[in-house]
Amino acid sequence: MKVAEALKAIDRGWVKKPGGFRVHFQLKTDQGLETDHLPGTDQNPFDSDVVAWRTAWKLYQVSLSDDKQYGQGKMVNIYVVDDQGKPVKYYANGKYQVYNPCKDQT
Amino acid sequence: MKETLLEKIDRISLVMTNYSSDLIIGLVMLISGVLAVKYLVRGIRLALERSGLSPQKSEMTCNILMIVLYIFLFVATAGVLGFNSRNLFRFLVIATLLIVVMVMLFKPYLPSLPFKPGQTIKTGSLLGKVEATTFLNTRMRTFDGKTVWIPNSKILNDYLINYHITPSRRIHLDLRIRYDQDLMKAKRVLEEVMILDPRVLTKPRPVVYLTHLREDCIILGGRCWVNNLKYWTTRCDLLEKIKLRFDQEKIAFALPQRYVYMHSEGPYFPEPDAQYLERPDDADETE
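A short tour of the structure in this document, coming up. (Residues numbered from 1 in each chain as written. Chains lettered and ligands numbered in written order. Predicted model: local features only at pLDDT ≥ 70, side-chain atom pairs only at ≥ 80, totals over all residues. Heavy atoms only, no water.)

**A few points about the overall build of chain B**
When helices and strands are counted, chain B shows eight helices and eight strands. Long-range contacts, defined here as pairs at least 24 residues apart, represent 59% of the contacts in chain B between residues at least 6 apart. Roughly 21,000 Å² of accessible area belongs to chain B as shown, and the carbon and sulfur atoms make up 63% of that amount. (Helix = DSSP H or I, 4+ residues; strand = E, 2+ residues; numbered from the N terminus. Contact = heavy atoms within 4.5 Å. Areas by Shrake-Rupley, 256 points an atom, 1.4 Å probe, with all protein chains shown as cover.)

Listed below in structure tokens is the structure:
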């Protein structure tokens, strides 16, 4: 086995570097929960999970506010996903974390 | 003496009578021309920058245009004042071309500033972004919002770091951990945190060294490379994540410490360790 091959295998099999991060959130509408991301999927993702989690927490604060569009609990299931859309563990506690969780889809 | 002064005044009044209208027209033409050139060049510079041309190229284009316009203005003014404008025009064109050729020929031998506007540099104790350069000084904006004019002679005589020559930069993360901690676990965690950050480059790969065995701690050195522009934020984020991850993994950082032994009963003379008193090699020699 060549060193280059071994390094590629290590990259695939050990720690996988994410391509970026987005904040996932859902808005309560008359039709149900509408999923959106920040930045949008057509934009470049955040290159820092620290920034992404901080933004998620700030969105959570907005959801607790009196804002007519996003506040009063309208924004739910706020968490950070990677560029593939998979949830990312919160670096502060090493666990999956969801701000303002809501399982109700209606 | 009085007559000489009167003669001089007479001569000036004669000149003014004959040429005053031309002088005034020339002066008005020169002032209005300079103002017109200034506003025209400013407008063109804005248009070029809006069109997406780089600031350096738009600056150079505007400077060339300004020189050409000034030549035309001086020649036209000279024509109004009665000078032979054709000869003056030829002289100015030849002089300009000569200067351009001389600059092009001797540019490699002329002392030049090793940076361009828009680049981040550190000279002396000043760190900031270069806004503009002139023959005499360089205008720099520091990251705390101060605008500093630095004499070019001072820059050329001092050390200078240009952060744009190389695209990437190495981050040093030196962590102090206690001797009783799991060294291999700490190395693995540190390497993982660096690899997991998207801004950390894959080539060269992040590495962790044990750099020092100090009297009170082990020093782990994490080394990884990032893009120049992302150096500071990446370093801060990595430090934050390492601190939190080490807490999760229960790896304790070392604090500067010194052990002090208190002996209440008289002066303390430590007895030598028994293993150092026995010298089997010496015993063999005596036998």
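**Structural notes on the packing of helix 5 (residues 183-196) of chain B against helix 6 (residues 231-248) of chain B**
Residues and elements named next belong to chain B. Two numbers describe how helix 5 lies on helix 6: the axes approach to 10 Å, and their chain directions differ by 140°. The pairing of helix 5 with helix 6 is recorded here as oblique in orientation. In the crossing of helix 5 with helix 6, the sense of the turn from one axis to the other is right-handed. When helix 5 is examined against helix 6, the residues Ala186, Val189, Leu190, Glu192, Val193 and Met194 are found in contact with a partner set consisting of Leu238, Lys241, Ile242, Arg245 and Phe246. (Axes fitted to C-alpha atoms, helices over the stretch in contact; angles between N-to-C directions. Parallel < 35°, antiparallel > 145°, perpendicular 65-115°, else oblique. Left-handed = near helix turned anticlockwise from the far one by under 90°.)

**Points about the sheet that holds strand 8 (residues 218-227) of chain B**
All names here are of chain B. What the three strands build is an open sheet, ordered 6-8-7; its pairing is antiparallel. Taken across any chain shown, the strands that pair with only one partner, and hence form the sheet edges, are strand 6 (168-177) and strand 7 (207-213). Put simply, the sheet's adjacent strands are angled 25° from each other on average, direction ignored. With six bridges connecting them, strand 7 and strand 8 associate as antiparallel partners. (Pairing = 2+ DSSP bridges.)

**Quick notes on the sheet that holds strand 3 (residues 75-82) of chain A**
Two pairing modes exist for strands in a sheet, parallel and antiparallel, and in both the strands are linked by backbone hydrogen bonds. Residues and elements named next belong to chain A. In space, the three strands of this open sheet follow the order 2-1-3, with antiparallel pairing throughout. Of all the strands in the sheet, just strand 2 (32-38) and strand 3 have a single pairing partner and so form its edges. Neighbouring strand axes in the sheet, compared pairwise and without regard to direction, differ in orientation by 25° on average. Alignment of strand 1 (residues 21-29) against strand 2, held across seven bridges, turns out to be antiparallel. Across the sheet, the residue bridging to Val23 is Leu38, located in strand 2. In this fold helix 2 (residues 49-64) packs onto strand 1, strand 2 and strand 3, with an angle of close to 175° to the strand it touches most, strand 3.

**Notes on the interface of chain B and chain A**
Across the boundary between the two partners, chain B contributes 18 residues, which contact 19 residues of chain A. Of all residues in chain B, the largest losses of buried area upon contact with chain A belong to Ile195, Pro198 and Arg205 of chain B, amounting jointly to 35% of the total for that side. Counting across the interface, chain B meets chain A through three salt bridges. One salt bridge in this structure joins Asp49 of chain A and Lys241 of chain B, with 2.8 Å as the shortest N-O distance. (Buried area = accessible area lost by both parts, 1.4 Å probe. Salt bridge = Lys/Arg side-chain N within 4 Å of Asp/Glu carboxyl O.)

**Quick look at the nonpolar core**
Ranked by internal contacts, the top residues of the largest apolar core, which has 20 residues, are Ile171, Ile177, Leu190, Leu238, Ile242 and Phe246 of chain B. If one sorts the elements of this core by residue count, helix 5 of chain B sits on top with five residues. Within the second largest apolar cluster, 18 residues are counted, among which are Trp53, Ala56, Ile78 and Tyr90 of chain A. (Core = buried A, V, L, I, M, F, W, Y, C linked by side-chain atoms within 4.5 Å. Buried < 20%, exposed > 50% of the residue type's maximum accessible area, 1.4 Å probe, protein only.)

**Some points on the pattern of salt bridges**
Residues and elements named next belong to chain B. This model, assessed by the stated rule, comprises 17 salt bridges over all chains. Across the pair Glu59 and Arg45 runs a salt bridge, and its minimum N-O distance is 3.5 Å. Of this pair, Glu59 sits in helix 2 (residues 55-80) while Arg45 sits in helix 1 (residues 2-50), placing them 14 residues apart in sequence. With relative accessibility at 35%, the residue Glu59 sits in the partly exposed group. Judged by relative accessible area, which is 23%, Arg45 ranks as partly exposed. Ionic pairing is found between Glu192 and Arg245, a salt bridge with its closest N-O pair at 2.9 Å. With Glu192 in helix 5 and Arg245 in helix 6, this pair connects stretches of sequence that are 53 residues apart. Like Glu192, the residue Arg245 is buried in the burial classification.

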